[in-house]
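What follows is each chain in one-letter form.
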Amino acid sequence: MTKLFNDKDFWKTAIKLAMPVALQNMLTSSFTLVDTLLVSRLGDVTLASVGMCGQWGWLMNMFIFGVCSATAVFVSQYWGVKDKAKIRITMGISLTVALIVSLLFFVLSFSFPHTVLGLFNRGEAADSPIITTGSYYLVIIAFSYPAVAITNVLSVVLRSTEKVRLPMYVSAVTTVTNIILDYCMIFGKFDFPEMGVRGAALATVISLWLGVAVLVIISAATKNILITNIKNVFGYTLNDVKIYARKAVSVILNETLWGAGVFVYNLIFSNMGYEYYAAITIQRSFENISYVFFIGFCSACAVMVGKAIGKGNIEEGIQNSRRFLTIIPVSAIFIGAIAIIFRSQLVGLFDMGNNISELTISSAKAIIVIYSVMMPIRSLEYVFIVGVLRSGGNTYSAMKIDLASLWLFSIPATLIAAYVIKAPFVVCFIVMYVFEDFIKVLLCNHHYRSLKWIKPVTEEGRKGLEEYLNG
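Since this is a predicted model, take the numbers as computed values, not measurements.

Engineer: How would you explain the overall build of the chain if you had to name every residue and give the values?
Structural biologist: Counting its secondary structure elements, the chain contains 19 helices and zero strands. Relative to the 2.2 N^0.38 estimate, which gives 23 Å for 471 residues, the radius of gyration of the chain is 22 Å and therefore close to what a compact globule would have. Dimensions of the chain, computed from the C-alpha atoms along their principal axes, are close to 65 × 50 × 40 Å. Expressed as a percentage of its 471 residues, the buried residues of the chain come to 56%. Considering only intrachain contacts with a sequence separation of at least 6, the fraction spanning at least 24 residues in the chain is 83%. Just so you have it, the chain exposes about 19,700 Å², and 66% of that area is on carbon and sulfur atoms. Within the chain, the 27 negative side-chain charges are centred at a point lying 9 Å from the centre of the 37 positive side-chain charges.

Structure below.
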């Protein structure tokens, strides 16, 4: 164990890659947290409706995250052999797919906001306060979806080529801008009109498009890997698309169907009562902040494992994966303990305007405890799927494990708990986690030990794997 972690080069590289990504995600999470904190001043109904719109946008984000995860598989391994031409072709294909998806969600959100919000509120009239308020927000926030697609794809290309600072700077700009505009537009400060929930949406749209502009301008000024002749990015062939699709389709399907599964969870909980969904909105704001450490180190894991395998250094890739599979869950124990101790203070941040009901507050405290207890298991499954199995190139098995535990076990168990047994909200929340996370970790560990997750996409990687298995 001492030998496993007594490697200065490993720690130097891991921290160099992880910290900017963690800081970027901290800023991104702060972006969402500020929105939630300020919107909570408008009451439970507004908080829940904005949370529902956020989950609709999150479903789109999961598809785009799938595109980005697939992109990272290729780019990290191509970066191992410094094949910039293939990196740019991969970027072009990814941008095309992500933009098509974002435009589809834009059309649905802008044209049918009441229908989208109605999914979360069965039995509610179309003119009910929660659907009406959410619709005001959704038709504006939809304009940010293409900006999300562009930023995420360009950022993952930079991170996978070990250029991790620029995405962090962009997140800093968008977060600070969003905080200022939120305050001004929601409450009508500094001569801005008081726009309420519409102001929160408009502030987000302006901030995210500003982020795209900053990313492109700085990339042009520094001439990084994103800047090249447009033909080098979008001049891809059908054969290029086929090569990308062999790995990417399973990752994109994985994230999209996983996102759809979580969307089903949201439908279950939102239809148990808007106060419970407001509690989940609070818990997820905390979850986003607490998870930034894991996202940073998982991103470093994906780059370091993928780069080593792409170069044909299989032993190094396996060694690095073992390190991350230990570091992340052990760290989660400490983070979870801190969250449990300070849960009352965390939830209290959202009730500064005394507009949140006692049911929402008590439910939020309970599910923060549940989440914190499960954090080591949830972080372990995350690094298995996103950091190790995918970066090794075995995206198909990662998809099967991820979706089987969700759709075959957890969703049926949660539906039975909610609608057959009619268990309380907190019990249903526990069932959701237990039936997904424990099963997923067991399946991941079995597959990891078999070494079947190592599937290089480069010639050097395939040769290195053959030598490793024969040696």
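Engineer: So, the packing of helix H12 (residues 274–290) against helix H13 (residues 292–311): which residues are in play, and what are the values?
Structural biologist: Two elements in contact, H12 and H13, have axes separated by 4 Å at closest approach and are oriented at 40°. As the angle between them shows, H12 and H13 are arranged oblique. Residue-level contacts link Asn288, Ile289 and Ser290 of H12 to Val292, Phe293 and Phe294 of H13. Across the contact of H12 with H13, the residue classes break down as four nonpolar, two polar and no charged.

Engineer: Tell me what's going on with unusual backbone geometry, and back it up with residues and numbers.
Structural biologist: Even without a glycine there, the phi angle at Lys82 is positive, about 55°. As for its position among the elements, Lys82 is in the loop between helix H3 (44–80) and helix H4 (84–111). The class for Lys82 is partly exposed, based on a relative accessible area of 45%. One non-glycine residue with positive phi stands out, namely Lys223, at about 55°. Relative to the helices and strands, Lys223 is located in the loop between helix H9 (197–222) and helix H10 (230–234). For Lys223, a relative accessible area of 68% puts it in the exposed group.

Engineer: Describe the packing of aromatic side chains, listing the residues and the values that go with them.
Structural biologist: In this structure the tally under the stated criterion is 21 aromatic pairs. Summarising the aromatic geometry, the rings of Phe425 and Phe429 are spaced 6.2 Å apart at their centres and angled 50° between planes, so their arrangement reads as tilted. With Phe425 and Phe429 both in helix H18 (residues 425–450) and four residues apart, this pair spans about one turn of that helix. On the basis of relative accessibility, which here comes to 2%, the residue Phe429 falls in the buried class. Ring pairing ties together the aromatic residues Phe269, Tyr276, Tyr371, Phe425, Phe429 and Tyr433, which thus form one cluster. Directly above the aromatic system of Trp79 lies the positively charged group of Lys82, at a separation of 4.5 Å from the ring centroid.

Analysis parameters
- Each residue is numbered by its place in its chain's sequence as written, counting from 1.
- The predicted origin of the model limits local features to residues at a pLDDT of at least 70 and limits the giving and counting of side-chain atom pairs to 80 or more, whereas totals for whole chains, interfaces and linings rest on all residues.
- The side-chain quantities take in all heavy atoms of the structure and omit both hydrogens and water.
- Helix numbering and strand numbering both begin at the N terminus, where a helix is a DSSP run of H or I of at least 4 residues and a strand a DSSP run of E of at least 2.
- Between the two quantities, the radius of gyration covers C-alpha atoms and the globule rule is 2.2 Å times the number of residues to the power 0.38.
- Partly exposed residues are those whose accessible area sits between 20% and 50% of the maximum for their type, while under 20% is buried and over 50% is exposed, using a 1.4 Å probe and protein chains only.
- Should any heavy atoms of two residues lie within 4.5 Å, those residues are counted as being in contact.
- Using a 1.4 Å probe, the Shrake-Rupley method yields the accessible areas, and only the shown protein chains count as cover for residues.
- In summary, the charge assignment counts Lys and Arg as positive and Asp and Glu as negative, without counting His or the chain termini.
- In this description, the location of a charge corresponds to atom NZ of lysine, CZ of arginine, CG of aspartate or CD of glutamate.
- In this description, a line fitted to the C-alpha atoms serves as the axis of each element, helices being fitted only across the stretch in contact, and the angle between N-to-C directions of two axes falls anywhere from 0 to 180 degrees.
- Each angle is binned into one of four classes, with values under 35 degrees roughly parallel, values over 145 roughly antiparallel, values of 65 to 115 roughly perpendicular, and all other values oblique.
- Amino acids are sorted into nonpolar (Ala, Val, Leu, Ile, Met, Phe, Trp, Tyr, Cys and Pro), charged (Asp, Glu, Lys and Arg) and polar (every other residue, Gly among them).
- Ring geometry is summarised as follows: Phe, Tyr and Trp rings, the Trp one being its six-membered ring, pair when their centres sit within 6.5 Å, and such pairs are stacked at plane angles under 30 degrees, edge-to-face over 60 and tilted between the two.
- Either the NZ atom of lysine or the CZ atom of arginine qualifies as a charge over a ring when it sits within 6 Å of the ring centre and within 35 degrees of the ring normal.

Everything listed here is a matter of coordinates, which is why it stays silent on function.
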